[in-house]
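Topology and contacts: notes
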Amino acid sequence: MKFLDGLSEDIKKNLLEQLRVLWTHASTAIEGNTLSLGETAFVLSEGLTIRGKPLKDHRDIEGHARAVDLVFALVKKDEITVEDVFELHRLVIDEQILDVYKPVGAWKKENNAVNIAVGDQQRMLEFSNFWEIPQLMERWLHLLNAEMQPHKEPEDLLKSYARLHLSFVAIHPFWDGNGRIARLLSNLPCLKAGYPPIIIENERRYDYLTAIGEYQLAHGTPSLNTELIHEGDLVNRFSSFCEECWQQSLSLVEQAHALQQSRDYTISQSRDPSL
Ligand SMILES: Nc1ncnc2c1ncn2[C@@H]1O[C@H](COP(=O)(O)OP(=O)(O)OP(=O)(O)O)[C@@H](O)[C@H]1O
Ligand SMILES: [Mg+2]
């Protein structure tokens, strides 16, 4: 990944660890995880638990961090497949669930719906029909693979992220874990083009869910007879929101490169024979 170019091995490793912690903390906190950023970093680096915090929160963090590792590995693949998506689901839903209607590592087996309250409207909206998921997700994977190109500018990457994210959550192919997986997979074009991931800030959960809700209210749910994504103002608005969130990971990358520069400078000075 190009954003790591020019960094020494230790700085590279530390930067990847920071991104893994930030991504895991922000995404699981959106889902309701109660561990702070510091606690998340501690659990991941020490393998120890935080007293009084739910076991589920620890497991979700471990699973998500492993899912981040898998996403970093997927960047090198030529084509992302259904099996890759199922593997991510198995990592994110790190539980033994004995319920045939809650499959782990497979598409949903029954329909699901969401309540949307935007402004003064409240509506219940059904996601894509479960029997259409295999075909819809084949189309979605086609879109993902088409968006993954080594040379893309930030503006295009934000659009790719928004398109992939909005269409994934509008389909809602799994019974659970859709948000976390959307926030992971939609980043593949950014990583492929050499940029760090867009990490949706958990403090901005309300803005995030409102933007998704507005899109869903306006365009409804994808089906085999409709477009996967409806371009326009709402996609643009979501991509501007994502741009603001992107600053956090971009600034971690900037800090790592600044540290590298000052290290290189100090080393070159210490080798200067005139000193
Ligand atoms: N109105 C909506 N239409 C489509 N998708 C929505 C809507 N509201 C929320 N979502 C998406 O669905 C996600 C929740 O779905 P789900 O519970 O399957 O995912 P999760 O990963 O378990 O939870 P979370 O996304 O909250 O971390 C939200 O994070 C968001 O991405
Ligand atoms: Mg959930």
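What this report covers is the structure whose coordinates are included nearby. Owing to the predicted nature of the structure, the values given are computational and were not obtained by experimental measurement. Here the residue numbers are simple positions, counted from 1 along each chain's written sequence. Chains and ligands are labelled by the order in which they are written, letters from A for the one and numbers from 1 for the other. In view of the model being predicted, local features appear only for residues whose pLDDT reaches at least 70, and side-chain atom pairs are presented and counted only at 80 or more, with totals across whole chains, interfaces and linings using the full set of residues. The side-chain numbers reported here are obtained from all heavy atoms of the structure, hydrogens and water having been left aside.

Right, let's talk about the overall build of the protein for a bit. The number of helices and strands found in the protein is ten helices and two strands. For the protein, the spread of C-alpha atoms along the three principal axes comes to 75 × 45 × 40 Å. Per-residue accessibility, obtained with a 1.4 Å probe over protein chains only, is compared with the maximum for each type, and a residue is labelled buried under 20%, exposed over 50%, and partly exposed between these values. Taken over 275 residues, the protein has a buried fraction of 49%. We call two residues contacting when some pair of their heavy atoms lies within 4.5 Å. For the protein, long-range pairs separated by at least 24 residues make up 68% of all intrachain contacts whose partners lie at least 6 apart in sequence. Method for areas: the Shrake-Rupley scheme with a 1.4 Å probe, in which residue coverage is limited to the protein chains shown. Only carbon and sulfur atoms are counted for the fraction: they give 51% of the accessible area of the protein, which is about 13,800 Å². This count recognises Lys and Arg as positive and Asp and Glu as negative, with His and chain-terminal groups excluded. Where a charge lies is defined by one atom per residue type: Lys uses NZ, Arg uses CZ, Asp uses CG and Glu uses CD. Within the protein, one finds 28 positive and 41 negative side-chain charges whose respective centroids are separated by 3 Å. Helix numbers and strand numbers start at the N terminus; a helix is a DSSP run of H or I with at least 4 residues, a strand a run of E with at least 2.

Position of T226 among the secondary structure elements: in the loop between α9 (205-219) and α10 (233-271). For T226, a relative accessible area of 30% gives the class partly exposed. Beyond its immediate stretch of four places on either side in the chain, T226 contacts R139 and T221. Side-chain polar atoms of T226 contact the backbone nitrogen of S223, separated by 2.9 Å. Any pair of N or O atoms that falls within 3.5 Å is considered a polar contact. Within protein, one atom must be able to donate a hydrogen and the other to accept it, and sequence-neighbouring residues count only if both atoms are side-chain atoms.

Another aspect to go through is the site of ligand 1. Not every one of the 19 residues close to ligand 1 is listed here, only the nearest: E31, D176, N178, R183 and Q216. Between ligand 1 and V169, the relevant distance is 3.4 Å, taken from a nitrogen atom to a main-chain nitrogen or oxygen of the residue. Between Q216 and ligand 1, the recorded distance is 3.5 Å, taken from a side-chain N or O atom to a nitrogen atom. If ligand 1 stood free it would expose 590 Å²; the protein chains cover 88% of that surface. Put simply, the parts of the chain that give the shell around ligand 1 at least two residues each are α1 (9-30), β1 (113-118), α7 (178-185) and α9. In terms of residue count, α9 provides more of the shell around ligand 1 than any other element does, five residues in total. Its residues assigned to classes, the shell around ligand 1 shows eight nonpolar, seven polar and four charged. Here a residue is near a molecule or strand as soon as one of its heavy atoms is found within 4 Å of it. Each residue is assigned to one of three groups, with Ala, Val, Leu, Ile, Met, Phe, Trp, Tyr, Cys and Pro labelled nonpolar, Asp, Glu, Lys and Arg labelled charged, and all others, Gly among them, labelled polar.

Take the number of residues in a helix, subtract one, and multiply by 1.5 Å to get its expected span. The first and last C-alpha atoms of α10 sit 56 Å apart over 39 residues, in line with the 57 Å expected at 1.5 Å per residue. The principal kink in α10, of about 30°, is found at Q247. Two axes enter the definition of the bend at a residue: one is fitted to the seven residues ending there, the other to the seven starting there, and the bend is the angle between them.

There is about 650 Å³ of room inside the largest pocket. Every residue lining the largest pocket is counted, 29 residues in all, and those nearest its centre are V114, F127, H172, L209 and I212. Looking at the lining of the largest pocket, the elements with two or more residues in it are β1, α6 (154-171), α7 and α9. Here the lining of the largest pocket takes eight residues from α9, the largest share from any one element. Class assignment of the residues belonging to the lining of the largest pocket gives a composition of 14 nonpolar, ten polar and five charged. Residues are said to line a cavity or pocket when one of their atoms sits within 4 Å of a point; the points come from a 1 Å grid over protein atoms alone, cavities being sets where a 1.4 Å probe fits but cannot get out and pockets being open sets with protein on both sides within 12 Å along at least five of seven lines. Grid points are joined across faces, edges and corners, and a volume is the space filled by probe spheres set on the points.

A word on the packing of aromatic side chains. What counts as a ring pair is set by centres within 6.5 Å for rings of Phe, Tyr and Trp (its six-membered ring), and what kind of pair is set by the plane angle: stacked under 30 degrees, edge-to-face over 60, tilted for all other angles. Counting across every chain of the model gives nine aromatic pairs. Ring geometry for W107 against F174: centres 5.1 Å apart, planes inclined by 35°, an arrangement best described as tilted. With W107 in the loop between α4 (82-92) and β1 and F174 in the loop between α6 and α7, this residue pair connects regions lying 67 residues apart in the sequence. As far as the burial class goes, W107 and F174 line up, both buried. Grouped by ring-pair contacts, the aromatic residues F86, W107 and F174 constitute a single cluster.

What follows covers unusual backbone geometry. Of note in the backbone geometry, H172 takes a positive phi value of approximately 55° without being a glycine. Residue classification places H172 among the buried positions, given a relative accessible area of 18%.

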